[in-house]
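Here is how the chains run, residue by residue.
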Amino acid sequence: MKSTITKIFCESKRKICILSAFFSFIIANSQNRITQKYIDSIIDNGDSLTLQTYFYKGLLLYKKANQFSNNINYKNGIIRSDFKIARNLNSLGKYKETFDQIKIIEKKHHNFISKNPEFEYKLRDLVGSNYLSYHFKREASTEFKKMLPIAEKFKDENVKVDKKLYIYQCIASCYEFVENDSAYHYLYKASYILKSKKLFDNTSIPSVFHHNTLFVYKNLADYQMYFSKNLDSATYYNTKAVELGQVVKSGYVYLFYLQKAQILNASKEYASSLDYCFKSLKNTNENVDKEDLIKLYKLISENYKSLKNREKHFFYMNKYISLNDSLSTIKKEGIIVSSDYLSSKQRENVLKQKKVRENYFLVGITVIILISLVSILMIIGYRKRQKELHLRLQQKKQKLLEKELEKVQLEKKINDSFDEVLQLAKANSSSFFARFQEIYPFFTPQLLNVESKLQSSELTFCAYIFLNFSTKEIAAYTFTSVKTVQNRKNHIRKKLLIPSDKDIYVWMKETITS
């Protein structure tokens, strides 16, 4: 009996040992599957999704890679996924979370970033992009310009060139509607790279240049459409963007269709513009930039209005208004977040400066104590003055920051008002000139200073010219003939003594804004 029990016990013990070994093997084997190569593959899959604008799905993969990297202490996986998480948060419009992630990156990886150009470049790009999202254009351009010397550190020539293409576009975007000549200057630099590297042939562009070449085309088309008013050139660059976007199956092809629709609308080809609007809408997904959707709904509404389809005009106008209102709330929060981050960076710099001063101060105190008590008293007085100066500097910086925030808010208000006054002008509304004078209070006094006998109708006509409407547009919006508008222009020229060799549009801008 005893031997039987002993035998059963031994057999049970043996089975338990076998099961323990089996489960230990399974656990060890499952842990071994989480390798650096496996984590890299997760990040690569996230990159593929992100490239096709599936930012949220890409974000989930990056977070998974980050968790696995922390589990096995894979440092390269940690820093790569940290940066990619921040980039996708930015692309999803989660700017507060982006700044939080940037702070984590700066704290965790400071030493690594300072020695690695790739991640130093990415950090400056993240901060600059976040600033630009909320029109902190001066701060954004400062960050983007810091990227140029960093790009020179890349060894691969193609990578270096691609980085410069991207940087020049980012800097140009900081000057749009502020200093258009500067914007064109940087776009020209990007265009020159395309020419020098023979990248204008869509069939032979190396894959490393695909994304940024697409957006050089798009930005050049935007410049020609909005600032040069050259629709033929705009069409040329847009066509190249559409063709290349289709060839490489870009996730941003919807943007190039939207741009095509805008060009066609400007050419008064409303039905064709609508076709491209719906092509753009078909190629969007839930992750696209909401500002792009706002532009799209507004353009569809305007096309239907021009085609006399009131029902669909109001349907898409309501979509535009609803989305625009929701985005305005997010933008207000974003301005505060950006201001807070900017303030925190300024405070960090002040604290660093203060720490340096205190270190020197301690050294000075040691020396002074050895010399005399009088020197100590002098240093105490000096420190007090320094603190007062530091306090004044802080107050001054705070006031500057508040003014900058007011400026951003004012710029947004002016942009909104500008759109409103354009719509009133196009509708030939009786309230157009009154609203125009509210936005440009200096306009009438400046003209009357040149010719005091200008009539109200003449001032209104001058306002159309100041807003850069062409002869055909003025005729269409005021329900007059082109010849009548030309005659009125000649009459205004004589009355204001505009030289015959001077463009009336240029004269109007120079006179009013001088």
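Data block above holds the structure.
Residues numbered from 1 in each chain as written. Predicted model: local features only at pLDDT ≥ 70, side-chain atom pairs only at ≥ 80, totals over all residues. Heavy atoms only, no water.

This next bit is on the side chain of D292. Examined against the element boundaries, D292 turns out to sit in helix α15 (residues 290-306). K295 provides the closest opposite charge to the buried, unpaired D292, separated from it by 4.4 Å. Within the structure, the side chain of D292 is placed 3.1 Å from the side chain of Y254, a separation counted as a polar contact. When neighbours within four sequence positions are excluded, D292 is seen to be in contact with Y254, L255 and L258. (Helix = DSSP H or I, 4+ residues; strand = E, 2+ residues; numbered from the N terminus. Buried < 20%, exposed > 50% of the residue type's maximum accessible area, 1.4 Å probe, protein only. Lys, Arg positive; Asp, Glu negative; His and termini not counted. Salt bridge = Lys/Arg side-chain N within 4 Å of Asp/Glu carboxyl O. Polar contact = N/O pair within 3.5 Å; in protein donor to acceptor, adjacent residues only side chain to side chain. Contact = heavy atoms within 4.5 Å.)

Moving on: the packing of helix α3 (residues 55-71) against helix α4 (residues 75-91). For the pair α3 and α4, the least separation of the axes is 9 Å and the interaxial angle reads 155 degrees. The angle between the axes of α3 and α4 places the two elements in the roughly antiparallel class. Helix-helix and strand crossings are classified by hand; for α3 and α4 the assignment is left-handed. Seen from α3, the contacting residues are F55, G58, L59, Y62, K63, A65, N66, S69 and N70; seen from α4, they are G77, I78, S81, D82, K84, I85, N88, L89 and S91. Residues of the contact of α3 with α4, tallied by class, amount to seven nonpolar, eight polar and three charged. (Axes fitted to C-alpha atoms, helices over the stretch in contact; angles between N-to-C directions. Parallel < 35°, antiparallel > 145°, perpendicular 65-115°, else oblique. Left-handed = near helix turned anticlockwise from the far one by under 90°. Nonpolar A, V, L, I, M, F, W, Y, C, P; charged D, E, K, R; others polar.)

On to the nonpolar core. F83, L123, F144, L165, Y217, Y252 and F256 are the most contacted members of the largest nonpolar core, which totals 58 residues. Take this core: its biggest share by element is nine residues, from helix α9 (residues 157-175). If we skip the residues at most four places from it in the chain, L123 touches F83, I102, I105, E106 and I113. Among the nonpolar cores identified, the runner-up in size contains 33 residues, and L422, L459, A463 and L496 belong to it. (Core = buried A, V, L, I, M, F, W, Y, C linked by side-chain atoms within 4.5 Å.)

The next point concerns a positive patch on the surface. Taken together, the side chains of K268, K305, K308, K426 and K472 make up a positively charged region of the molecular surface. You can see K472 is positioned in helix α21 (residues 471-477). Judged by its relative accessible area of 64%, K472 is exposed. (Patch = residues over 30% accessible without salt bridge, like charges linked within 9 Å, V, L, I, M, F, W, Y side chains within 5 Å. Areas by Shrake-Rupley, 256 points an atom, 1.4 Å probe, with all protein chains shown as cover. Charge placed at Lys NZ, Arg CZ, Asp CG, Glu CD.)

Relative to the helices and strands, T366 is located in helix α16 (residues 310-371). By relative accessible area, which is 48% here, T366 ends up partly exposed. With 10 residues separating them along the chain, T366 and I376 place their C-alpha atoms 9.3 Å apart.

Below, the discussion takes up unusual backbone geometry. Notably, N73 is not glycine yet its phi reads approximately 55 degrees, a positive angle. For N73, a relative accessible area of 52% gives the class exposed. Backbone geometry places K229, a non-glycine residue, at a positive phi of 60 degrees.

This model, assessed by the stated rule, comprises 20 salt bridges. One salt bridge connects K84 with D47, and the closest N-O pair in it is separated by 3.1 Å. Taken together, the positions of K84 in helix α4 and D47 in helix α2 (residues 36-51) put the pair 37 residues apart, joining distant regions of the chain. Across the pair K153 and E120 runs a salt bridge whose closest N-O atoms are separated by 3.8 Å. Of this pair, K153 sits in the loop between α8 (137-151) and α9 while E120 sits in helix α7 (residues 117-133), and the two are 33 residues apart along the sequence. The network of salt bridges with shared partners includes E152, E157, K160 and K164.

Right, let's get into α3. Between its first and last C-alpha, α3 extends 24 Å over 17 residues, near the 24 Å set by a 1.5 Å rise per residue. Looking at the buried positions of α3, the neighbouring elements they touch are α2 and α4. Remark: N73 follows α3 within two positions and exhibits a positive phi of approximately 55 degrees. (Expected span 1.5 Å × (residues − 1).)

Within the secondary structure, R493 sits in helix α22 (residues 482-496). Buried and unpaired, R493 has no salt bridge, with D503 as the nearest side chain of opposite charge at 5.8 Å. Each residue touching R493, except ones within four places of it in the same chain, is listed here: I498, P499, S500, K502, D503 and I504.

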